[in-house]
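A closer look at the structure
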Amino acid sequence: MKTRLLLLALFISANVFAQDLNNIKIPELIKESGRKTVNVPDILGYKTLKCDFHMHTVFSDGIVWPSFRVDEAWNNGLDVIAITDHIERHPGKTHVGGDDNSAYKIALPHAREKNIILIHAGEITRSMSPGHFNALFLEDTQALDKQDWHEAFDEAKKQGAYIIWNHPGWEAQQPDTTKWWEEHTQLYNEGMLHAIEVFNEQEWYPIALDWCMDKDLAPHAATDIHGIIAERYDLEKYNRPMTLVLAEERTEESVREALFANRTIAYFGKHLAGKEEYLKAFLEASVEVQFLNKTKKESRYLLKNTCDVPFQMQVKRGPAFTIPANGETIVALPKNTSSKFLVKNLYTKGTENLTVTLDLKK
Ligand SMILES: [Zn+2]
Ligand SMILES: [Zn+2]
């Protein structure tokens, strides 16, 4: 025992002496790595998965390596991503090499390490019309590289792809007004259009939400990031834009099922856009109303919000107020105020807001 202790003491002192006095670490400079929690409720018996289905790497016109997209997504609190490099545009090809499947192949092992679900995908990149589309759940992205855009869509459909019309209001392609073309009717009728980005990068297209609701397509929000998320977005203020997917499980198969069933909410800044029943459930799962006291003229309530989305409420013939994200507020509502509230930052149509009834017990 004594020998052992002596050996241990010698080992410790040897280690102390082994420190290189010409290499002293300054650890306070290094950022603590950590995943942000995106605080949104699970609703209607589903898990609310945080997804970005539109991003680029050096394998098209982005500036980052594919595995970086995984780290970024992890740090930003996402569950699911799709790398959607342009199938027809490879400005870095001579330097980078590879093909349309390379980004997925490179990022996949890292995605598994980081517990991020990575969807095999690509961006069909054509002039208007029909424009740009993300094809998700591909087997072979390279096979979509066709001369004629019809053939690219046929191939995507053959592979069982989920197809999203990207940035329909992008000025470079729709300079005058955001319109739906005959080609989109054709794609829609042939089962080659499942969703539309009602939000892309920093642009919100209200009319695209109307199309989604009228034609039973899923609304999406995506960053379409080419550079670096932390440089592009003010993450102190808001989460990065994302599509919330209401999935049965946190698996790729469940994401696919939920997407084809249109269970999505577009989430950008302080805004949510989607089906009334989803937005209503989202708000009801986040807000708690507590009666405080009353006078002859008014009643006071404490309103608590447990999610990252603030709610900008407007009462009919009454005051407007905000229930802050992850916070609470006290409101005084005049006697006989309607319990129906308009939620100004939640959209069920391009120009329509969600209406909710709060339980104002006295
Ligand atoms: Zn695009
Ligand atoms: Zn893109």
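Residues numbered from 1 in each chain as written. Chains lettered and ligands numbered in written order. Predicted model: local features only at pLDDT ≥ 70, side-chain atom pairs only at ≥ 80, totals over all residues. Heavy atoms only, no water.

1. Examining the pairing of strand E14 (residues 298–305)
Stated precisely, the cut-off is as follows: Should DSSP find at least two bridges between two strands, the strands are taken to pair. Strands here mean DSSP runs of E at least two residues long; helices mean DSSP runs of H or I at least four residues long; both are numbered from the N terminus.
Bridge count between strand E13 (residues 287–294) and E14: seven bridges; the pairing is antiparallel. When the sheet's bridge partners are listed, Glu288 is paired in E14 with Lys304. A loop of three residues connects E13 with E14, the two strands running antiparallel in sequence. As paired strands, E14 and strand E17 (residues 327–334) are joined by eight bridges and run antiparallel to one another. In the sheet register, Tyr301 faces E17, and the bridge partner there is Val331.

2. Focus: the domain arrangement of the protein
Our working definition: Domain delimitation in this document rests on an assignment produced automatically or drawn from a domain database. Any two residues whose heavy atoms approach within 4.5 Å are treated as being in contact. When two parts are put together, the accessible area they lose, computed with a 1.4 Å probe and summed over both, is reported as buried area. Here a salt bridge means any side-chain nitrogen of Lys or Arg lying within 4 Å of a carboxyl oxygen belonging to Asp or Glu. By the criterion applied in these results, polar contacts are pairs of N or O atoms within 3.5 Å in which, for protein atoms, one can donate a hydrogen and the other can accept it, and in which residues neighboring in sequence qualify only through two side-chain atoms.
Taken domain by domain, the protein consists of domain 1 (33–274) and domain 2 (286–357). The gap between the C-alpha centroids of domain 1 and domain 2 is 33 Å. Taken together, the contact pairs 18 residues of domain 1 with 14 residues of domain 2. Between domain 1 and domain 2, the buried area comes to about 1300 Å², and carbon and sulfur atoms account for 51% of it. For domain 1, the biggest contributors to the area lost against domain 2 are Asn39, Lys270 and Leu272; these three give 41% of the whole. Our count for the contact surface shared by domain 1 and domain 2 stands at one salt bridge. Close ionic contact of Lys349 with Asp214 constitutes a salt bridge, the shortest N to O distance being 3.0 Å. One can count eleven residue pairs in polar contact (both at pLDDT 80 or more) joining domain 1 with domain 2. Those elements that provide at least two residues to the side of domain 1 that touches domain 2 are helix H7 (206–215) and strand E12 (271–274). Sort the elements by how many residues they give to the side of domain 1 that touches domain 2 and H7 lands first, with five residues.

3. Some remarks on empty space enclosed by the protein
The test is simple: Cavity means a closed set of points on a 1 Å grid over the protein atoms alone, one where a 1.4 Å probe fits but cannot get out, pocket means an open set with protein on both sides within 12 Å along at least 5 of 7 lines, and lining means a residue has an atom within 4 Å of a point. Grid points are joined across faces, edges and corners, and a volume is the space filled by probe spheres set on the points. Classification convention: Asp, Glu, Lys, Arg as charged; Ala, Val, Leu, Ile, Met, Phe, Trp, Tyr, Cys, Pro as nonpolar; all other residues, Gly among them, as polar.
Across all of its chains, the model carries three cavities of 30 Å³ or more by this definition. One number sums up the size of the largest cavity: a volume of about 80 Å³. Taken together, 13 residues form the lining of the largest cavity, with Val58, Phe59, His90, Gly97 and Asp99 sitting closest to its centre. Contributing elements (two or more residues each) for the lining of the largest cavity: helix H3 (93–96) and helix H4 (102–114). By volume, the second largest cavity amounts to about 50 Å³. Counting only elements with at least two residues in the lining of the second largest cavity, the list comes to H4 and strand E4 (121–125). Class assignment for the residues of the lining of the second largest cavity results in four nonpolar, two polar and two charged.

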